[in-house]
Amino acid sequence: LVANAARARLFERDPENKAMREVASFVHPQSRLKGQALEHDRPGRAQKGSTASTAFPPHTDPHQKEHAEFARELAQRLDELALAHRYPRLAIFASSPFLGELNAQLGAATRKLLQASVVLDLTAFDDGELEHRIDQALRATTTPEAAGAD
């Protein structure tokens, strides 16, 4: 899976030639909207005396809410596929901090298949360059130096 907070692409490897093939694409346009366009409710208000009032900002940033919602949607789809045995292992490449939100939403079936979880936004690359960068990142995560580094 290659993802950021607004877009994700799911790939599988061909068992014969190991080439990547896109099997699903996800778009979450709400993540790109301006803050005011995301706010469905007005901020809470408190009355002070008879004339003054105070507006309270929302507890959670609207963009964070949308990012969390998209992470939940992706994790749910990955869990469905894992439970249906649609893939033997999974690598996730996502922007920071979206990767953390996505990892937090993954179910047990998906976590068992997780081979790599890499902070890297590759959503803008075309297929040839994307495959090259994924292979590079996977090699880097399996080296002894990468395994010991946090």
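Residues numbered from 1 in each chain as written. Predicted model: local features only at pLDDT ≥ 70, side-chain atom pairs only at ≥ 80, totals over all residues. Heavy atoms only, no water.

Trainee: Can you walk me through the packing of helix α2 (residues 62–83) against helix α3 (residues 98–105) in this structure?
Mentor: Packed helices, taken two at a time, are described by their axes: the angle between them and the distance between them. Put simply, α2 and α3 touch, their axes get as near as 8 Å, and they point 45 degrees apart. On the basis of their axis angle, the class for α2 and α3 is oblique. Crossing of α2 over α3 shows right-handed handedness. Residue-level inspection shows Gln 64, His 67, Ala 68, Phe 70, Ala 71, Arg 72, Leu 74, Ala 75 and Asp 79 of α2 in contact with α3, the latter providing Phe 98, Glu 101, Leu 102 and Gln 105. Class assignment for the residues of the contact of α2 with α3 results in seven nonpolar, three polar and three charged. (Axes fitted to C-alpha atoms, helices over the stretch in contact; angles between N-to-C directions. Helix = DSSP H or I, 4+ residues; strand = E, 2+ residues; numbered from the N terminus. Parallel < 35°, antiparallel > 145°, perpendicular 65-115°, else oblique. Left-handed = near helix turned anticlockwise from the far one by under 90°. Contact = heavy atoms within 4.5 Å. Nonpolar A, V, L, I, M, F, W, Y, C, P; charged D, E, K, R; others polar.)

Trainee: What is the right way to look at the environment of Ala 116 in this model?
Mentor: Following the sequence through the fold, Ala 116 ends up in strand β7 (residues 114–119). Looking at Ala 116, the relative accessible area reads 8%, which means it is buried. Separated by 26 residues in sequence, Ala 116 and Thr 142 place their C-alpha atoms 8.9 Å apart. Setting aside its immediate chain neighbours within four residues, Ala 116 contacts Leu 90, Ala 91, Ile 92, Leu 138 and Thr 141. (Buried < 20%, exposed > 50% of the residue type's maximum accessible area, 1.4 Å probe, protein only.)

Distances and angles like these do not, on their own, reveal function.
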